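A closer look at the structure
What follows is each chain in one-letter form.
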Amino acid sequence: MNRSIDIKINGKNYSDVVEDRLLLVNYIRDVAGLTGTHMGCDTGHCGACTIVMNGEAVKSCLILAVQAEGASVETVEGLASETGLHPLQVSFRRNFAVQCGFCTAGILMSALALLRNNPEPSPEDISKALTGNICRCEGYPNIVKAIEEASLVIRASKDLGREPRGKENEKEG
Amino acid sequence: MTIQSSQEKRTEQTYVGVAYPRLEDLRLTTGKAKFLDDLSVPPGTHYAVILRSPYAHAKIKRIDAEDAIKVPGVRAVLTAVELLSVMDPLPLALRSPIRYYPIATDRARYAGEPVAVVIARTRAIAEDAASKVNVDYEPLEVVADIEKALAQGAPNVHEAVGSNTVWKKTFSYGDVGNAFEQAVKVVSVDVRVNGYTVPPMETFGVVAEYDRGSDVLTEWCNFIGPFTMAYVVAKALRLSQDRFRVIVPGDIGGSFGTKLAVYPYMALIGACSIFTGVPVKWIETRMEHFVGSTRAATRLSHLEMALSADGEFLGLKARITDDIGAYPRSPEPGHLLKSVSNFTGPYKIANLEISGEYVTTNTLPTSPIRAFGRPHLCIPLEKLVDKCAKITGTDPLELRKRNFIQPRDFPYTTASGGVYDSGDYGAAIEKLKQIFDLDGARADILEKRREGRLVGLGFAVGIEPSVSNMAYLDLAIPEEERQKATFMPHSGGQHSATLKIEPDGHIVARLDSCPQGQGHETVAAQLVASVLGVNPEDVRVLTGVDTFNVSWSISSGTYASRFGSLGISAVYSAALDMRKKLTEAASKLLGVSADDIVMENGVLFSKSRRDLKISSKRLVGTVYWNPGSDALKGGDHTLSVTRTFNVETLGPATLDNKVNASATYGFIGTAAAVEVDRDTGSVSILKYASVHDSGGSVNPGIVEQLCVGAANQAASHALHQELIHDDRGQPLNITFGDYYVRTAEDFFTPIFGSAAKKSPFTPLGTKGVSEGDNMTGPAALLIAIQDALYEYNADIDTVPFTAERIWSRFLSKNNLGESASSRSDVA
Amino acid sequence: MPRGVTLYTLTPPKFDYKRASSVEEACKLLATTDGAKVIAGGQSLLVAMRLRLASPAVLVDIGHISDLGNISEEGMGLNIGATCTHSKLARSKEVMERFPILCEAAARVGDEQVRNRGTIGGSISHADPAGNYAPVLTALNAKFAVVSASNRRTIAASNFFEGPYTTVLNGDELVEKVVLEKKLSSGTKEGHSFMKFSTMPQEFATVNVASVVAIKDGKFEEVTVALGALLPKPRIMPELGESLIGKATTAENIRQASQKLQLGSEIISDYKASAQYRTHIAKVLVARSLLTAVNRATGAE
């Protein structure tokens, strides 16, 4: 069966008729054309497809698109704004927290949800929030460090009353 | 950005040795990178779903696809019957009557072997239809492990071979008999390394488009090379090389060697496109990856060391049996042969004998996994050396130092023909002691032991070869055959880089590498920027290979740590050539000698007369728009250079089976401290340190991140990772929930140190790096765990050494012990 | 002659999706539709469907029924709605005050993303033998309120689980809420501990243990230990109570009692762990969790 759905992705409204069995990850990738969200497994273990839905990190491969009707979704493509890269993106780069980069989008989204709910996470909080995101390059030490540093940057900018944005935006590929 | 855009004065090597943030990350952190599954596909692309054998060994009696083909949207259901009309077997490196196709013909030889391919308009339709295909099998007796394969009367995986042994050979160097006669002591160890894999995040994928108009098959795939396999695929598909185009995207989601094994699927999906005439896309699922992609060999090894009275290693004997799965596919028997020329590692051992036997079983075929065959070698060799130290009552690091190749010996030729470039292994060990704080670590161990805790220390060392000299595979060919005039020896392992300056001054570097997370773009940009005096952002680096547009060779690709030695050298040499071309053109335009020209901040000056100058932008413009000018007339000033870098020592194999398999040889020393949970057998890593000799690094940030991953992967392998199957050959742990994969809750931060000795064979002295911890890590952990279990006199002989193995072999011999102790939960 | 293929899929087979706006509507759909199955968080069901191990003709989504995921107080006890997510449960102050062991178990279900979607009702209905809730809810003597279009009943946790992936639920029934009652205690100190042994922290347990103790004057007054994951269904170990009640809460007493555990012949044995190893780990975990529960009760932790 097909149903019509309305989903907000990165602030933009999408309206489509989809098959009931279409997974949200396939909607995001194949219908909305946002291929930054990846698929790394078939059993919901890897977390490469992690998005933020209604404020929480979830795996878009374990949600039907029709279940997301009316939801507000954030993907990696929405992380940077017109004013620049998100501190997480800057920090991942500065800390050599990206190797092959396939897991990166999912990890960034898990980290985004974490920092919103817990602006001062300990390294243990970060590790725990990332258990559902596998990095097969096993670059975890750098990833955890990058998230910790980003949380410091965000807090510091908030103290200064500034929007925490990276200045490397003009070089953004 | 153009060649003239630099704001500040740049002199050569400004960026070399700098942890420059990676350029790749700008697209990888913003979701803009394009991995294989993200690429646009040709119009009319159909999707392939592969049906696989549920039996590890069975005759295929009948395939009934009648219901499947009726499903609307299905284009074809293809089996060997159809596909063999457009395909020959994939050539093997081993001489053998075995015919290896990427799809089962009359018999399936491992559970997961492709049996049929359903091709439909969408993936969902292909899956719906595939559920309707029925296959009749006649199950046959299964040979699932080495012991059974070698047993008397065992059924044969390949009847045409008449045995499960597909290759057997003894290599002998020096006078091993004499060495063992002279020995005061002979020490031996046995180790079994179970089959394992290091699965990448991104699975395999191929998009194949056969174009009838040009008669060209184009394949987009996340294949990492070596491109000798592209040649193999072309042969299998009956295509001349000019009709087979392989395009590898610049972003690959990890490989750790596995993506060499994309090649059988390049043949399979290519054949599907040729047969159906439509473009065909296949993306592997994760479970398919576990059952159908590749794995490292299962190895049984028995090593013996002949020791002199003062602990000198007089001779080494090894008996190796490798289970390489259902087909001895290329590049097997590489698990053993790749290491023959450096089998003795960093030790000076003049007498060496290696007996190798290759066995087929009804399991997934093998291919290189990060540090091809070297964990298999390093673990028993270092366990042996550690045992030698114990038996002779020598400090394990001192015994190693005593037997090391010494700095004065370089370049050093091993007994089996390896040519080591440089090193100071003793100095590296001193550095290791320092960064590990060996004295402190030893005191800590004693302290913890007094508390009754099971803690121990372990060390392992190794050489870290860079590059695969294809010559090593010739060792698989009988000497008689290699003597024939018709025999074509193999050798070399080269890397190419093309550097262009576009008419508007933009710089483009094109590599023949297929990086999977190694930051080649950044490293190449740093090199070019340093030589041409621009910023790394000013250099557009294109990685990934397009065989129609890149200067490639059969060894192109990214594997065997080849970029650190050859890749960097090719890019650097091309940049120097480009600078020379610019200087020459400037010398003509300025009317001064080329020696007199310097390049600074985008301007070329005469050293003797500073007022004689030309901006590089004008220079480039003149070369493009006015090459007929009096000054430039007659010369070749095109601003495009291609440099192919090779190392002279990479010659063919000799008839006495000596070969130099690699271009440079780094060194790694690893120290680990572990604790074993007395109740559960679980192992915690208390401390882990490695010293690397990479010859120096262009980007230490990248080198370190790669090594951080390698060290954690090493622990994953050593403590957990193995592909488990039952005695019917059914793979059991085929998801990320069943096969161990580390998470952020369970990593450790290694300590690293550098002990670089520049290679005389590369222009910047760099060597390959980042596979070392995958070799020494498991070895050091094994030795540390044996040390922690000293009260049990533990001999760990199986890798991985899981908690249950440690408990059942050693700890269970005791009582529950300190069960209700202070540690509240179980890691 | 054997037939068959091995197919690795990514897409669920076709089905009809129905979004229920009330429990009544969901029950009606279940009663009137062939092959209907309830979906809430879908964290287990969608995996099974993607692998084509499950192929319901109709999915009845109860994930949008308002208030079905609420946690409400009832006397000293609590009602936990079926679609309460593991995350919500783990963070709930009310639950933490009354049944902290449930928060501990919820916090160790899968990973953060799974906890954000997965629900307690879904988890117990799926009845993975290695799930976290079964031993905890059994140890807490929880009851499940179950509804269908024609009936309403309450099932004790100890009677709910029948074996791996099987419960006493009928096809037209759904779990509406989990009911927990708190006993009043006087002069006793209570302690609890949930422990899970798994090679990977995010994975289902090889062995898990829920321990609840009550201590008076340094002696065990009540001991409830339920084991999960190593048996086809959760099991309370009454012999632990028998050997510990009235004894001092010492590590040695706990150790001795744990060592004497008899787990029988039903222990699951597979490639993840042999029955022998699981049995051993169960004893270790029981001892560790009891000690932790004691330490928590006495404020030592």
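**Digging into unusual backbone geometry**
Residues and elements named next belong to chain B.
- A cis amide bond links Gly 225 to the next residue, Pro 226, at an omega of 0 degrees.
- Along the chain, the position of Pro 226 falls in the loop between β10 (216-221) and α7 (228-236).
- The residue Asp 215 is not glycine, and still its phi comes out positive at about 60 degrees.
- Along the chain, the position of Asp 215 falls in the loop between β9 (205-211) and β10.
- Using a count of 11 C-beta atoms within 10 Å as the deciding quantity, one classes Asp 215 as exposed.

**A closer look at the packing of helix α2 (residues 87-94) of chain A against helix α3 (residues 104-117) of chain A**
All names here are of chain A.
- At a closest axis distance of 10 Å, the pairing of α2 and α3 adopts a crossing angle of 125 degrees. As the angle between them shows, α2 and α3 are arranged oblique. Seen along the crossing, α2 lies across α3 with a hand that is right-handed. When α2 is examined against α3, the residues Leu 88, Gln 89 and Phe 92 are found in contact with a partner set consisting of Thr 104, Leu 108, Ala 111 and Leu 112.

**Some thoughts on the interface of chain C and chain B**
- Listed by partner, the interface residues are 38 residues for chain C and 44 residues for chain B.
- Ranked by residue count, the leading element in the side of chain C that touches chain B is helix α12 (residues 275-298) of chain C, at ten residues.
- For the side of chain C that touches chain B, the residue count by class is 21 nonpolar, eleven polar and six charged.

**A word on the sheet that holds strand β23 (residues 603-606) of chain B**
Residue and element names in this part refer to chain B.
- Strand order in this open sheet of three strands is β22-β23-β24, and the pairing throughout is antiparallel. The open sheet has two free edges, formed respectively by β22 (597-600) and β24 (613-615), since each of these has just one partner strand. Ignoring which end each strand starts from, the neighbouring axes of this sheet average 20 degrees apart.
- Sheet topology places β23 next to β24; three bridges connect them, and they run antiparallel. Within β24, the residue paired with Val 603 across the bridge is Ser 615.
- Along the sheet, helix α18 (residues 616-625) contacts β23 and β24; its crossing angle with β24, the most-contacted strand, is approximately 80 degrees.

**As for the domain arrangement of chain A**
All names here are of chain A.
- Here chain A is described as being made up of domain 1 (2-78) and domain 2 (87-171).
- Each of domain 1 and domain 2 has a C-alpha centre, and the two are 22 Å apart.
- Facing the 16 residues of domain 1 at the interface are twelve residues of domain 2.
- Looking at the side of domain 1 that touches domain 2, the element that brings in the most residues is strand β3 (residues 50-53), giving three residues.
- Among the residues forming the side of domain 1 that touches domain 2, the class breakdown is seven nonpolar, seven polar and two charged.

**Some thoughts on the sheet that holds strand β5 (residues 72-74) of chain A**
Residues and elements named next belong to chain A.
- In space, the five strands of this open sheet follow the order β2-β1-β5-β3-β4, with mixed pairing throughout. Pairing within the sheet leaves two strands with one partner each, and these edge strands are β2 (12-19) and β4 (56-59). Averaged over all adjacent pairs, the angle separating strand axes in this sheet is 40 degrees, with direction ignored.
- Bridge count between strand β1 (residues 2-9) and β5: two bridges; the pairing is parallel. If you follow Ile 9 over to β5, its bridge partner there is Val 73.
- Each of β3, β4 and β5 is contacted by α3, which is oriented at about 35 degrees to β3, the strand it contacts most.

**A look at the domain arrangement of chain B**
Residue and element names in this part refer to chain B.
- Assigned domains of chain B: these are domain 1 (41-140 + 198-292), domain 2 (298-471 + 654-813) and domain 3 (494-545 + 555-645).
- Across the contact, 16 residues belong to domain 1 and 13 residues belong to domain 3.
- Split into classes, the residues belonging to the side of domain 1 that touches domain 3 amount to nine nonpolar, six polar and one charged.

**A few points about the nonpolar core**
All names here are of chain B.
- The biggest cluster of nonpolar side chains holds 440 residues, and the ones touching the most others in it are Ala 48, Val 118, Leu 527, Val 528, Val 571, Val 674 and Ile 785.
- When residues in this core are grouped by element, the largest group, 14 residues, is from helix α17 (residues 562-590).
- Every residue in contact with Val 571, bar those within four places of it in the chain, is listed here: Ala 497, Ala 509, Leu 511, Ala 524, Leu 527 and Val 528.

**Some remarks on the interface of chain A and chain B**
- Each partner contributes residues to the interface: chain A has 47 residues there, and chain B has 48 residues.
- Looking at the side of chain A that touches chain B, the elements that each hand over two or more residues are α2, α3, α4 (123-129) and α5 (140-159) of chain A.
- Of all the elements, α5(A) adds the most residues to the side of chain A that touches chain B, at five residues.
- In terms of residue class, the side of chain A that touches chain B is built from 22 nonpolar, 16 polar and nine charged.

Quick notes on the rules
Starting afresh in each chain, residues are numbered from 1 along the sequence in its written order. Whichever chain is written first becomes A and whichever ligand is written first becomes 1, with later ones labelled in order. Residue-level local features of this predicted model are given only where pLDDT is at least 70; pairs of side-chain atoms are given and counted only at 80 or more, and the full residue set underlies all totals for whole chains, interfaces and linings. Secondary structure elements are taken from DSSP: a helix is a run of H or I of four residues or more, a strand is a run of E of two residues or more, and numbering for both begins at the N terminus. Burial is judged by counting other C-beta atoms within 10 Å of a residue's own C-beta: 20 or more means buried, 12 or fewer means exposed, and anything between counts as partly exposed, with every C-beta placed from the backbone. Lines fitted to the C-alpha atoms define the axes, with helices restricted to the stretch that makes contact. Angles between their N-to-C directions range from 0 to 180 degrees. Any angle from 65 to 115 degrees is called roughly perpendicular, while one under 35 is roughly parallel, one over 145 is roughly antiparallel, and all others are oblique. Crossings are sorted by hand: turned counterclockwise from the far helix by less than a right angle, the near helix makes the crossing left-handed, and turned clockwise it makes it right-handed. It is the C-beta atoms, placed from the backbone, that decide contacts: two residues are in contact if theirs lie within 7 Å. All amino acids are sorted into three groups, where Ala, Val, Leu, Ile, Met, Phe, Trp, Tyr, Cys and Pro are nonpolar, Asp, Glu, Lys and Arg are charged, and the leftover types, Gly among them, are polar. By the convention used here, strands pair only if DSSP detects at least 2 bridges between them. What marks off one domain from the next here is an automatic or database domain assignment. Note on definitions: a nonpolar core is a set of buried residues drawn from Ala, Val, Leu, Ile, Met, Phe, Trp, Tyr and Cys, linked by C-beta atoms within 7 Å.

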